[in-house]
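Per-entry structural report
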Amino acid sequence: MIIGIDIGGTKIAVAGFAPDERGRLTGSTAVRTIATPAREGGPAIVRAVTDAVREVRGSDPLEAVGVGTAGVVGPDGAITSATDAISGWAGFPLREALADAVGVPVAVVNDVHAAAVAEAEQGAGAGAQGMLMVAVGTGIGGAVVLPDGLRRGVTGTAGSVGHMEISLPPRLAERRCPCGGFGHVEAVASGPGLERTYLEESGGFLPLREVHAAALRGDALADRVILDGARYLGRALASANAVLDVEVIVVGGGVAEVGETYLSEVARTYRAAAMPGPSRARVVPARLGVDAALTGAALVGGARTDDALPL
Ligand SMILES: [Zn+2]
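Residues numbered from 1 in each chain as written. Predicted model: local features only at pLDDT ≥ 70, side-chain atom pairs only at ≥ 80, totals over all residues.

1. A closer look at the sheet that holds strand β12 (residues 282–285)
On the basis of which strands lie adjacent, the open sheet formed by five strands has the order β10-β9-β8-β11-β12 and mixed pairing. Either end of the sheet is taken by a strand with one partner, and the two such strands are β10 (149–151) and β12. Adjacent strand axes in the sheet meet at a mean angle of 25°, parallel and antiparallel pairs treated alike. The sheet contact formed by strand β11 (residues 248–252) and β12 spans four bridges and is parallel. Pairing of Val251 across the sheet is with Pro285, part of β12. Contacts from helix α8 (residues 220–244) reach β8 (131–136), β9 (140–146) and β11 within the one sheet, and its direction differs from that of β8 by about 155°. Packing against the sheet, helix α9 (residues 260–273) makes contact with β11 and β12, and its axis sits at approximately 165° to β12. (Pairing = 2+ DSSP bridges. Helix = DSSP H or I, 4+ residues; strand = E, 2+ residues; numbered from the N terminus. Axes fitted to C-alpha atoms, helices over the stretch in contact; angles between N-to-C directions. Contact = placed C-beta atoms within 7 Å.)

This is the structure:
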(Lines give C-alpha, C1' and ligand atoms only; values in the text may rest on other atoms or scores of the structure.)
Protein backbone atom coordinates (compact mmCIF):
# COMPACT_ATOMS: atom_id res chain seq x y z
CA MET A 1 0.00 0.00 0.00
CA ILE A 2 1.08 3.55 -0.73
CA ILE A 3 -0.17 6.24 1.63
CA GLY A 4 -0.97 9.79 0.54
CA ILE A 5 -1.13 12.58 3.13
CA ASP A 6 -2.42 16.14 2.75
CA ILE A 7 -1.27 18.44 5.58
CA GLY A 8 -3.12 21.74 5.84
CA GLY A 9 -3.29 24.44 8.52
CA THR A 10 -6.57 23.12 9.94
CA LYS A 11 -6.83 19.49 8.91
CA ILE A 12 -4.79 16.53 7.76
CA ALA A 13 -6.12 13.81 5.43
CA VAL A 14 -4.50 10.39 5.17
CA ALA A 15 -5.51 7.76 2.58
CA GLY A 16 -4.24 4.40 1.39
CA PHE A 17 -3.85 3.66 -2.32
CA ALA A 18 -3.25 0.32 -3.94
CA PRO A 19 -1.62 0.07 -7.37
CA ASP A 20 -3.82 -1.67 -9.99
CA GLU A 21 -2.51 -4.38 -12.35
CA ARG A 22 -0.81 -1.74 -14.51
CA GLY A 23 0.87 -0.21 -11.50
CA ARG A 24 -1.35 2.90 -11.57
CA LEU A 25 -2.73 4.27 -8.34
CA THR A 26 -6.49 4.33 -8.44
CA GLY A 27 -9.19 4.86 -5.83
CA SER A 28 -8.24 5.53 -2.26
CA THR A 29 -9.32 3.39 0.65
CA ALA A 30 -9.80 4.13 4.32
CA VAL A 31 -9.45 7.92 4.35
CA ARG A 32 -8.79 9.38 7.80
CA THR A 33 -9.21 13.09 8.49
CA ILE A 34 -7.82 14.60 11.68
CA ALA A 35 -7.48 18.12 13.06
CA THR A 36 -3.98 19.55 12.56
CA PRO A 37 -2.28 20.02 15.95
CA ALA A 38 -1.14 23.36 14.55
CA ARG A 39 -0.25 25.00 17.86
CA GLU A 40 1.97 22.13 18.97
CA GLY A 41 3.85 22.12 15.64
CA GLY A 42 5.96 19.61 13.70
CA PRO A 43 6.71 16.81 16.21
CA ALA A 44 3.02 16.60 17.25
CA ILE A 45 1.97 16.55 13.59
CA VAL A 46 4.36 13.67 12.86
CA ARG A 47 2.94 11.73 15.84
CA ALA A 48 -0.67 12.33 14.73
CA VAL A 49 0.14 11.40 11.11
CA THR A 50 1.99 8.25 12.18
CA ASP A 51 -1.04 7.10 14.22
CA ALA A 52 -3.35 7.77 11.25
CA VAL A 53 -1.00 5.89 8.88
CA ARG A 54 -1.09 2.90 11.24
CA GLU A 55 -4.90 2.91 11.24
CA VAL A 56 -5.26 3.33 7.47
CA ARG A 57 -2.68 0.69 6.71
CA GLY A 58 -4.17 -1.99 8.99
CA SER A 59 -2.32 -5.22 8.30
CA ASP A 60 -1.28 -4.31 4.70
CA PRO A 61 2.43 -3.96 3.99
CA LEU A 62 3.43 -0.32 3.64
CA GLU A 63 5.60 0.50 0.60
CA ALA A 64 5.98 4.25 0.65
CA VAL A 65 4.44 7.50 1.87
CA GLY A 66 3.90 10.74 -0.08
CA VAL A 67 3.03 14.07 1.53
CA GLY A 68 1.56 17.25 0.08
CA THR A 69 1.86 20.03 2.64
CA ALA A 70 1.20 23.70 3.18
CA GLY A 71 4.43 25.70 2.90
CA VAL A 72 7.46 25.72 0.62
CA VAL A 73 9.31 22.40 0.58
CA GLY A 74 13.07 22.33 0.03
CA PRO A 75 14.92 19.61 -1.91
CA ASP A 76 15.56 17.60 1.27
CA GLY A 77 11.86 17.53 2.18
CA ALA A 78 12.20 20.11 4.95
CA ILE A 79 9.76 23.03 5.16
CA THR A 80 11.73 26.13 4.18
CA SER A 81 9.00 28.74 4.61
CA ALA A 82 5.36 28.80 5.63
CA THR A 83 2.68 31.06 7.04
CA ASP A 84 2.18 31.14 10.81
CA ALA A 85 -0.84 28.80 10.58
CA ILE A 86 1.29 25.93 11.90
CA SER A 87 3.62 26.76 14.78
CA GLY A 88 7.31 26.28 13.91
CA TRP A 89 6.49 24.75 10.49
CA ALA A 90 9.17 26.75 8.66
CA GLY A 91 12.46 24.94 9.25
CA PHE A 92 10.85 21.63 10.28
CA PRO A 93 12.61 18.57 8.72
CA LEU A 94 9.33 16.87 7.76
CA ARG A 95 10.62 14.18 5.39
CA GLU A 96 13.34 13.04 7.76
CA ALA A 97 11.11 13.04 10.87
CA LEU A 98 8.27 11.17 9.16
CA ALA A 99 10.57 8.62 7.49
CA ASP A 100 12.08 7.85 10.91
CA ALA A 101 8.58 7.38 12.35
CA VAL A 102 7.05 5.19 9.61
CA GLY A 103 10.16 3.28 8.52
CA VAL A 104 9.56 3.49 4.74
CA PRO A 105 10.66 6.01 2.06
CA VAL A 106 8.80 9.34 2.33
CA ALA A 107 8.52 12.01 -0.38
CA VAL A 108 7.33 15.53 0.50
CA VAL A 109 6.11 18.23 -1.88
CA ASN A 110 4.06 21.41 -1.57
CA ASP A 111 0.29 20.76 -1.58
CA VAL A 112 -0.39 22.67 -4.82
CA HIS A 113 2.45 20.77 -6.47
CA ALA A 114 0.83 17.53 -5.26
CA ALA A 115 -2.62 18.55 -6.55
CA ALA A 116 -1.09 19.38 -9.93
CA VAL A 117 0.54 15.95 -10.19
CA ALA A 118 -2.91 14.38 -9.69
CA GLU A 119 -4.63 16.72 -12.19
CA ALA A 120 -1.90 15.96 -14.75
CA GLU A 121 -2.15 12.23 -14.26
CA GLN A 122 -5.88 11.67 -13.72
CA GLY A 123 -7.73 14.97 -14.03
CA ALA A 124 -8.00 18.11 -16.15
CA GLY A 125 -4.46 17.83 -17.53
CA ALA A 126 -4.47 14.11 -18.37
CA GLY A 127 -2.76 13.44 -21.70
CA ALA A 128 -1.73 17.08 -22.24
CA GLN A 129 1.66 18.21 -23.50
CA GLY A 130 2.48 20.06 -20.32
CA MET A 131 0.24 21.69 -17.76
CA LEU A 132 0.33 24.85 -15.70
CA MET A 133 -1.91 24.76 -12.65
CA VAL A 134 -3.01 27.72 -10.58
CA ALA A 135 -4.91 27.41 -7.29
CA VAL A 136 -6.75 30.59 -6.35
CA GLY A 137 -7.81 30.67 -2.71
CA THR A 138 -6.42 32.34 0.42
CA GLY A 139 -3.29 32.79 -1.68
CA ILE A 140 -2.48 32.01 -5.31
CA GLY A 141 -0.34 28.90 -5.68
CA GLY A 142 0.79 27.24 -8.86
CA ALA A 143 2.63 24.31 -10.34
CA VAL A 144 4.19 23.20 -13.60
CA VAL A 145 3.91 19.58 -14.73
CA LEU A 146 5.74 18.76 -17.98
CA PRO A 147 5.33 15.42 -19.80
CA ASP A 148 8.21 13.97 -17.78
CA GLY A 149 6.90 15.14 -14.44
CA LEU A 150 6.49 17.86 -11.84
CA ARG A 151 8.93 20.76 -11.80
CA ARG A 152 9.59 21.59 -8.18
CA GLY A 153 12.40 24.04 -8.89
CA VAL A 154 15.70 24.44 -7.06
CA THR A 155 14.02 26.03 -4.02
CA GLY A 156 10.64 24.30 -4.30
CA THR A 157 8.79 27.36 -5.59
CA ALA A 158 8.43 26.59 -9.31
CA GLY A 159 5.04 27.63 -10.70
CA SER A 160 4.47 30.52 -8.27
CA VAL A 161 2.13 32.38 -10.61
CA GLY A 162 0.76 34.40 -7.66
CA HIS A 163 4.01 36.32 -7.38
CA MET A 164 4.19 37.46 -10.97
CA GLU A 165 4.16 41.23 -11.28
CA ILE A 166 1.44 42.70 -13.46
CA SER A 167 0.66 46.30 -14.30
CA LEU A 168 -2.03 47.61 -11.95
CA PRO A 169 -3.79 50.90 -11.25
CA PRO A 170 -1.64 52.98 -8.79
CA ARG A 171 -3.80 52.25 -5.72
CA LEU A 172 -3.57 48.48 -6.25
CA ALA A 173 0.10 48.59 -7.27
CA GLU A 174 0.89 49.91 -3.78
CA ARG A 175 -0.74 46.95 -2.08
CA ARG A 176 1.83 44.66 -0.44
CA CYS A 177 1.71 40.98 -1.32
CA PRO A 178 1.96 38.47 1.57
CA CYS A 179 5.46 37.65 0.19
CA GLY A 180 6.51 41.27 0.73
CA GLY A 181 6.51 42.28 -2.93
CA PHE A 182 4.37 44.85 -4.76
CA GLY A 183 2.29 44.55 -7.92
CA HIS A 184 1.91 40.79 -7.46
CA VAL A 185 -1.26 39.16 -8.75
CA GLU A 186 -1.85 37.33 -5.43
CA ALA A 187 -2.32 40.66 -3.63
CA VAL A 188 -5.21 41.66 -5.90
CA ALA A 189 -6.76 38.40 -7.16
CA SER A 190 -6.68 35.96 -4.20
CA GLY A 191 -9.84 35.58 -2.06
CA PRO A 192 -8.61 38.07 0.58
CA GLY A 193 -7.37 40.36 -2.24
CA LEU A 194 -10.84 40.52 -3.81
CA GLU A 195 -12.50 41.04 -0.39
CA ARG A 196 -10.11 43.90 0.32
CA THR A 197 -10.80 45.60 -3.01
CA TYR A 198 -14.53 45.30 -2.38
CA LEU A 199 -14.08 46.76 1.12
CA GLU A 200 -11.98 49.67 -0.16
CA GLU A 201 -14.46 50.56 -2.87
CA SER A 202 -17.75 49.95 -1.05
CA GLY A 203 -16.73 50.87 2.51
CA GLY A 204 -18.15 47.59 3.85
CA PHE A 205 -16.60 44.14 4.29
CA LEU A 206 -18.27 41.10 2.75
CA PRO A 207 -16.85 37.59 2.55
CA LEU A 208 -16.14 36.57 -1.04
CA ARG A 209 -19.14 34.25 -1.17
CA GLU A 210 -21.41 37.23 -0.44
CA VAL A 211 -19.58 39.50 -2.89
CA HIS A 212 -20.32 36.85 -5.49
CA ALA A 213 -23.97 36.60 -4.43
CA ALA A 214 -24.24 40.39 -4.73
CA ALA A 215 -22.74 40.22 -8.23
CA LEU A 216 -25.36 37.65 -9.22
CA ARG A 217 -28.10 39.99 -7.95
CA GLY A 218 -26.79 42.69 -10.29
CA ASP A 219 -24.53 44.69 -7.94
CA ALA A 220 -22.22 46.37 -10.47
CA LEU A 221 -19.35 46.97 -8.03
CA ALA A 222 -19.31 43.35 -6.78
CA ASP A 223 -19.42 42.12 -10.36
CA ARG A 224 -16.50 44.34 -11.40
CA VAL A 225 -14.36 43.36 -8.39
CA ILE A 226 -14.66 39.65 -9.20
CA LEU A 227 -14.19 40.05 -12.94
CA ASP A 228 -11.19 42.36 -12.47
CA GLY A 229 -9.63 39.62 -10.32
CA ALA A 230 -10.23 37.15 -13.16
CA ARG A 231 -8.60 39.57 -15.63
CA TYR A 232 -5.52 40.10 -13.46
CA LEU A 233 -5.13 36.34 -13.19
CA GLY A 234 -5.64 35.84 -16.94
CA ARG A 235 -2.85 38.34 -17.67
CA ALA A 236 -0.44 36.69 -15.23
CA LEU A 237 -1.17 33.30 -16.83
CA ALA A 238 -0.45 34.75 -20.28
CA SER A 239 2.98 35.94 -19.07
CA ALA A 240 3.68 32.59 -17.43
CA ASN A 241 2.78 30.61 -20.53
CA ALA A 242 4.96 32.79 -22.74
CA VAL A 243 7.80 31.08 -20.88
CA LEU A 244 6.35 27.58 -20.56
CA ASP A 245 4.20 27.09 -23.70
CA VAL A 246 2.15 24.29 -22.15
CA GLU A 247 -1.01 22.87 -23.70
CA VAL A 248 -3.37 23.14 -20.73
CA ILE A 249 -3.85 25.67 -17.94
CA VAL A 250 -5.84 24.28 -15.01
CA VAL A 251 -7.57 26.76 -12.69
CA GLY A 252 -8.58 25.46 -9.26
CA GLY A 253 -9.08 26.64 -5.68
CA GLY A 254 -12.00 28.15 -3.78
CA VAL A 255 -12.14 31.42 -5.73
CA ALA A 256 -12.27 29.59 -9.07
CA GLU A 257 -15.34 27.75 -7.79
CA VAL A 258 -17.43 30.95 -7.56
CA GLY A 259 -18.78 30.21 -10.98
CA GLU A 260 -18.57 29.79 -14.71
CA THR A 261 -18.42 33.54 -15.43
CA TYR A 262 -15.19 33.83 -13.45
CA LEU A 263 -13.44 31.08 -15.36
CA SER A 264 -14.66 32.34 -18.77
CA GLU A 265 -13.27 35.78 -17.96
CA VAL A 266 -9.91 34.27 -16.96
CA ALA A 267 -9.86 32.33 -20.26
CA ARG A 268 -10.99 35.31 -22.37
CA THR A 269 -8.35 37.61 -20.87
CA TYR A 270 -5.73 34.90 -21.20
CA ARG A 271 -6.41 34.46 -24.92
CA ALA A 272 -6.38 38.23 -25.52
CA ALA A 273 -3.10 38.75 -23.62
CA ALA A 274 -1.12 35.64 -24.62
CA MET A 275 1.25 35.55 -27.60
CA PRO A 276 -0.10 33.82 -30.74
CA GLY A 277 1.13 30.24 -30.14
CA PRO A 278 0.43 29.81 -26.41
CA SER A 279 -2.89 31.70 -26.79
CA ARG A 280 -4.28 28.39 -28.07
CA ALA A 281 -3.69 26.71 -24.68
CA ARG A 282 -6.89 25.44 -23.13
CA VAL A 283 -7.90 27.14 -19.86
CA VAL A 284 -9.99 24.63 -17.92
CA PRO A 285 -11.33 24.13 -14.38
CA ALA A 286 -9.65 21.65 -12.03
CA ARG A 287 -11.50 18.32 -11.96
CA LEU A 288 -10.36 16.45 -8.87
CA GLY A 289 -11.56 18.82 -6.13
CA VAL A 290 -10.32 18.66 -2.56
CA ASP A 291 -8.86 15.15 -2.89
CA ALA A 292 -6.36 16.21 -5.57
CA ALA A 293 -3.51 16.91 -3.14
CA LEU A 294 -4.08 13.60 -1.37
CA THR A 295 -4.02 11.62 -4.62
CA GLY A 296 -1.03 13.56 -5.95
CA ALA A 297 0.87 12.99 -2.71
CA ALA A 298 0.37 9.23 -3.11
CA LEU A 299 1.51 9.44 -6.76
CA VAL A 300 4.66 11.30 -5.69
CA GLY A 301 5.17 8.79 -2.86
CA GLY A 302 4.72 5.93 -5.34
CA ALA A 303 7.63 7.31 -7.39
CA ARG A 304 9.54 5.91 -4.38
CA THR A 305 12.30 8.46 -3.89
CA ASP A 306 12.69 12.18 -4.24
CA ASP A 307 15.51 11.42 -6.68
CA ALA A 308 12.99 10.00 -9.14
CA LEU A 309 11.44 13.44 -9.54
CA PRO A 310 13.09 15.92 -11.87
CA LEU A 311 13.68 19.39 -10.50
ZN1 LIG B 1 4.08 38.02 -3.87
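2. Observations concerning the nonpolar core
Membership of the largest hydrophobic core comes to 101 residues, with the highest contact counts inside it found for Val14, Ala116, Met131, Met133 and Val185. When residues in this core are grouped by element, the largest group, 10 residues, is from α8. Three or more residues apiece are contributed to this core by two domains, here domain 1 (2–115 + 290–308) and domain 2 (127–286). Contacts of Val14, omitting those with residues within four sequence positions, involve Ile3, Ile5, Arg32, Val49, Ala52, Val53 and Val56. (Core = buried A, V, L, I, M, F, W, Y, C linked by C-beta atoms within 7 Å. Buried ≥ 20, exposed ≤ 12 C-beta atoms within 10 Å, placed from the backbone. Domains from an automatic or database assignment.)

3. Looking at the packing of α8 against α9
Two elements in contact, α8 and α9, have axes separated by 7 Å at closest approach and are oriented at 40°. Overall, the two elements α8 and α9 adopt an arrangement that is oblique. Viewed along their axes, α8 and α9 form a crossing whose handedness is right-handed. Packed against α8, whose contacting residues are Ile226, Leu227, Ala230, Arg231, Leu233, Gly234, Arg235, Leu237 and Ala238, the element α9 presents Tyr262, Glu265, Val266, Thr269, Tyr270 and Ala273 at the interface. (Parallel < 35°, antiparallel > 145°, perpendicular 65-115°, else oblique. Left-handed = near helix turned anticlockwise from the far one by under 90°.)

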